[in-house]
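Summary of the model geometry
Below are the chains, spelled out letter by letter.
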Amino acid sequence: MLLLLSIAAVSLLAGVLACTVFAMSLWTAALLAVGVFLGLALLVFLFLLAVCKGIDQSVPQEKDSKFHRVLAGLVIGAALPVLRIRIKTKGLEKMPKEGRFLLVCNHCNDSDPIILLHVLRKFQLAFISKRENGSMFIVGKLMHKIMCQVLDRDNDRQALKVIIRCIQLVRDEKMNLGVFPEGYCTTNGRLQHFRPGVFKIPLKTKVPIVVCTVNNTLQIFDNLPKLKPTDVDMHLVGVIQPEEYDGFSTVQLADKVFQMMLQDLGPEYAPLEPKEEE
């Protein structure tokens, strides 16, 4: 948002100066302002392109890059108004004040991570993300620099390596980790059954688990062609302290988190049974 506002402010100033100082007509000044806006937006894009060109994703990132995190924050801040997303938050006062944590959230849309990164931008959050996202233009490069870990959902051995690496990164306090335990975006808006393997991370690191939900992101790309804004609810449901899950298995912990999310979202978000889906 700050990036877009800055570009818009400079463009508006150029238009005003064109009218007042150079006595240009209103239409000419307006065209000049639009031209300045587009020119500055192009310069920002070229700058992003140049910055990302030198990033080698084959080299493991061992430290969070403050520069690239700020850059990612500016890009996300600019993307949200373009996508007409309005975020309403609840429960953020429950966020841990110190130490590392694991954040878990339901997954409705590819925009879920950018919403969480924006809302929790002060918390050095990185996500386990699907392999395809790592190949996205510019986005994949920035993900790499802010410590996001790319996982191949069809390769159990590689997925296990990613889980082990995340355990070590959290233990070393390199970042706070965000995961979507459903593994995939929901296709019907309902909560899907969790993959419990990801809960090895808190069981091994003994960090608090921040349980969140996002709602209505499924409507973003339906509303966008109509230029209709989408109100997205992001709730911090609760924080599970390590002593609360002491002795749990991954399946038990997954079920506890699942029930917390379902209680927040409501019974209408419960998974459909196979017969119901037919």
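Scoring rules and cut-offs
- Residues numbered from 1 in each chain as written.
- Predicted model: local features only at pLDDT ≥ 70, side-chain atom pairs only at ≥ 80, totals over all residues.
- Heavy atoms only, no water.
- Helix = DSSP H or I, 4+ residues; strand = E, 2+ residues; numbered from the N terminus.
- Contact = heavy atoms within 4.5 Å.
- Polar contact = N/O pair within 3.5 Å; in protein donor to acceptor, adjacent residues only side chain to side chain.
- Axes fitted to C-alpha atoms, helices over the stretch in contact; angles between N-to-C directions.
- Parallel < 35°, antiparallel > 145°, perpendicular 65-115°, else oblique.
- Left-handed = near helix turned anticlockwise from the far one by under 90°.
- Nonpolar A, V, L, I, M, F, W, Y, C, P; charged D, E, K, R; others polar.
- Phe/Tyr/Trp six-rings, centres within 6.5 Å; stacked < 30°, edge-to-face > 60°.
- Buried < 20%, exposed > 50% of the residue type's maximum accessible area, 1.4 Å probe, protein only.

Considering the environment of Asp 264
Mapped onto the fold, Asp 264 is located in helix H10 (residues 250-265). Excluding anything up to four places from it in sequence, Asp 264 contacts Thr 213, His 235 and Val 237. A distance of 2.6 Å separates the side chain of Asp 264 from the side chain of Thr 213, its partner in a polar contact.

Considering the packing of helix H3 (residues 66-82) against helix H4 (residues 112-119)
Contact pair H3 / H4: the axes reach a minimum separation of 10 Å and the direction vectors enclose 115°. Between H3 and H4, the angle falls in the class roughly perpendicular. Considering how the two elements wind past one another, H3 and H4 form a crossing that is left-handed. Contact with H3, carried on its side by Arg 69, Ile 76 and Leu 80, involves Ile 114, Leu 117 and His 118 of H4 and no other residues of that element. Taken together, the residues that form the contact of H3 with H4 break down as 4 nonpolar, 1 polar and 1 charged.

A look at unusual backbone geometry
The backbone of Arg 84 shows a phi angle near 60°, a positive value even though the residue is not glycine. Residue placement: Arg 84 occurs in the loop between H3 and strand E1 (85-90). A positive phi angle is found at Met 147, which is not glycine, with a value near 80°. With respect to the element layout, Met 147 can be found in the loop between helix H6 (139-145) and strand E4 (149-151).

Some thoughts on the packing of aromatic side chains
The geometry of an aromatic ring pair comes down to the distance between the two centres and the angle between the two planes. In the structure shown here, the tally under the stated rule is 4 aromatic pairs. Seen from their ring centres, Phe 101 and Phe 123 are 6.1 Å apart, and the 65° between their planes marks the pair as edge-to-face. Here Phe 123 lies in the loop between H4 and strand E3 (125-130) and Phe 101 lies in the loop between E1 and strand E2 (102-105), a separation of 22 residues in the sequence. The exposure class of Phe 101 is buried, given its relative accessible area of 1%. Both rings, one in Phe 194 and one in Phe 258, keep their centres 5.3 Å apart while their planes meet at 80°; by these two values the pair is edge-to-face. Pair noted here: Phe 194 is in the loop between strand E5 (176-179) and helix H8 (200-205) and Phe 258 is in helix H10, with a separation of 64 residues, a long-range link. Using a relative accessible area of 12% as the deciding quantity, one classes Phe 194 as buried. Here the aromatic residues Phe 194, Phe 199 and Phe 258 are joined through ring pairs into a cluster of three or more.

These values are about where atoms sit, not about what they do.
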